[in-house]
Amino acid sequence: MKYYSTNKQAPQATLHEAVVKGLAPDKGLYMPETINKLPKEFFDHIEDLSFQEIAYEVAKAWFGEDVEAEALKQIVYDTLAFDVPAVKVEEDIYSLELFHGPTLAFKDVGARFMARLLQYFVKQEGLDKINVLVATSGDTGSAVANGFLGVDGIRVYVLYPKGKVSKIQESQFTTLGKNITAIEVDGVFDDCQALVKNAFMDEELNKHMKLTSANSINVARFLPQAFYYFYAYAQLKKLGKADNMVVCVPSGNFGNICAGIFGWVSGLPVKRFIAANNANDIFYKYLQSGKYEPKPSKQTLANAMDVGDPSNFARIYDLFKGDHAKITSLISGATYTDEQIQETMKQCFAETGYILDPHGTCGYRALKEGLKPGETGVFLETAHPAKFKEKVDAIIGGDVAIPERLQAFMRGEKKNIEMKNSFEDFKAFLMKE
Ligand SMILES: *Cc1c(COP(=O)(O)O)cnc(C)c1O
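All figures in this text were calculated on a predicted structure; none of them were measured in a lab. Each chain carries its own residue numbering, running from 1 in the written order of its sequence. Owing to the predicted nature of the model, reporting of local features is limited to residues with pLDDT of at least 70; listing and counting of side-chain atom pairs is limited to 80 or more, with chain, interface and lining totals taken over all residues. With hydrogens and water set aside, each side-chain value is computed from the structure's full complement of heavy atoms.

Salt bridges are defined as contacts in which a side-chain nitrogen from Lys or Arg sits within 4 Å of a carboxyl oxygen from Asp or Glu. Applying the stated rule across the entire model yields 21 salt bridges. The partner of Glu91 in a salt bridge is Lys88, with the nearest N and O atoms 3.2 Å apart. When a residue's accessible area, from a 1.4 Å probe over protein chains only, is under 20% of the maximum for its type it is buried; when over 50% it is exposed; and in between it is partly exposed. Its relative accessible area of 54% is what places Glu91 among the exposed residues. Across the salt bridge formed by Lys207 and Glu203, the nearest N and O atoms sit 4.0 Å from each other. With a gap of 4 residues between them, Lys207 and Glu203 both fall in helix H9 (residues 203-208), about one helical turn apart. Exposure class is identical for Lys207 and Glu203. Each is exposed. Ionic contacts of the salt-bridge type, sharing partners, join the residues Lys167, Glu170 and Lys414 into one network. Secondary structure elements follow DSSP: runs of H or I of four or more residues count as helices, runs of E of two or more count as strands, with numbering from the N terminus.

Right, let's talk about the side chain of Ser422 for a bit. By secondary structure assignment, the location of Ser422 is in the loop between strand S13 (417-420) and helix H20 (423-431). As used in this structure description, the phrase polar contact means that two N or O atoms lie within 3.5 Å; if the pair is within protein, one of them must be able to donate a hydrogen and the other to accept it, and residues adjacent in sequence are counted only when both atoms belong to side chains. Separated by 3.4 Å, the side chain of Ser422 and the backbone nitrogen of Glu424 make a polar contact.

Here the focus is helix H16 (residues 338-352). Here H16 is 15 residues long and its end C-alpha atoms lie 21 Å apart, about the 21 Å a rise of 1.5 Å per residue gives. Considered for burial, the residues of H16 that qualify are Ile341, Thr344, Met345 and Cys348. When H16 is viewed along its axis, its buried side chains cluster within an angular range of 100 degrees and face the same direction. In H16, those exposed residues whose orientation departs by more than 90 degrees from the buried face are Glu339, Lys346, Ala350 and Glu351. Contact definition: two residues touch when any of their heavy atoms are within 4.5 Å. Buried residues in H16 make contact with strand S3 (86-90), helix H17 (358-370) and helix H18 (389-396). With its phi angle positive at about 80 degrees, Gly353 sits one or two positions after the end of H16. One fewer than the residue count of a helix, multiplied by 1.5 Å, yields its expected span. What the arc describes is the spread of directions from the helix axis to the C-beta atoms.

Moving on, we come to empty space enclosed by the protein. Cavities and pockets were defined on a 1 Å grid built over protein atoms only: a cavity is a set of grid points that admits a 1.4 Å probe from which the probe cannot escape, a pocket is an open set flanked by protein on both sides within 12 Å along at least five of seven lines, and lining residues are those with an atom within 4 Å of any such point. Grid points are joined across faces, edges and corners, and a volume is the space filled by probe spheres set on the points. Taken as a whole and judged by the stated rule, the model has 3 cavities of 30 Å³ or more. The calculated volume of the largest cavity comes to roughly 270 Å³. Around the largest cavity, the lining comprises 25 residues; the ones closest to its centre are Phe106, Lys107, Gly252, Asn253 and Ala304. Contributing elements (two or more residues each) for the lining of the largest cavity: helix H6 (139-148) and helix H12 (255-265). Only Asp, Glu, Lys and Arg are considered charged, only Ala, Val, Leu, Ile, Met, Phe, Trp, Tyr, Cys and Pro nonpolar, and every remaining residue, Gly among them, polar. A class-by-class count of the residues in the lining of the largest cavity yields 10 nonpolar, 12 polar and 3 charged. Computed from the structure, the second largest cavity encloses a volume of approximately 70 Å³. As for the second largest cavity, its lining consists of Leu23, Ala135, Gln193, Val196, Lys197, Phe200, Ser213, Asn215, Ile217 and Ser311. Here the lining of the second largest cavity gets 4 residues from one element, more than from any other, and that element is helix H8 (residues 189-201).

Okay, here's the thing in structure tokens:
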């Protein structure tokens, strides 16, 4: 299958090229030219299949032309070596727990898939060493670093904003060593993202080293996130609750929800989507007004959603050919302040005993406020609450238990490189690598 750029000024790319390039040469985002539909029979008995089996069927429909069947199966099965249960929080509201992977957040899925796919291409075609550049506001860095850790022929540089990432998050990509380098940038997330984007555009740098991106813009990261939407449907179907499924996605850069929408395009019966935002409400405002007006990001409690110019908006816009009415008929929005996040996390814990993380809190609240009679809501619980332990403990007045695999990261020794928010400095550093 071929991939085109949302800016329409770049040649079409193969999956391999789209994955290695990350961003298209015209700075657009790659989109699959066709989105193959899953057959009706698949949905008829989806509830009898395991997560891995479901994911492999979806993967075959989307990547089957480009990756040899046995290898693709291996990639999918290795990627999804953990469960993603839909847990009932209260009547008609389910939490799709995406935090049972190695770094306790949903980005493990996309990052692990991408690492394995890239490794497949490297092996298959004997490519030179590849360098992955990734900007993170928290969870991307840890997921990508862990997804690629120890993978031969690939070097990873994680750029993160100084003082804007929790200690626990930081420990998950600064303590790994091996092929992972952590760079602490004196700036905000958008600065880190700009440094990465500039690096891809720099001719001299690209001659010096083969660069690729592992941000949620990469097709190999964002598309596999659709797998768990199908699995959520299968789980609800088993309970007889799948008929009017509403999926609510705590959104920042909009890669996650975008994957769900691609699932919907390929036939997944989602009735509608809700994009839950924190105070960074660019998309919410777009839904209201039809105008997309990026702004500098604001720091909030749900820091992995602090994005002022969500990259994947371009994909949603392209998919619907900019038709605002079509977009708003499928997707609605919500936006919450830090005070509302605190209030809701507390309320949910008091009434149900379920501990939400700050991101999932936005999703839960949007369902509580927006669900209509007869609908069943699933919100994506995008990270384990222990990743934000200090905040969560203070809000609910409790003591969130830290899973052992998180404690192991925190015992590691921090190794990082400090850098000014300057492309010249960043380039000079990479030119010496
Ligand atoms: C990255 C992240 C989000 C936002 O996901 P997008 O795909 O960028 O919209 C939400 N919650 C958590 C915990 C995250 O790490």
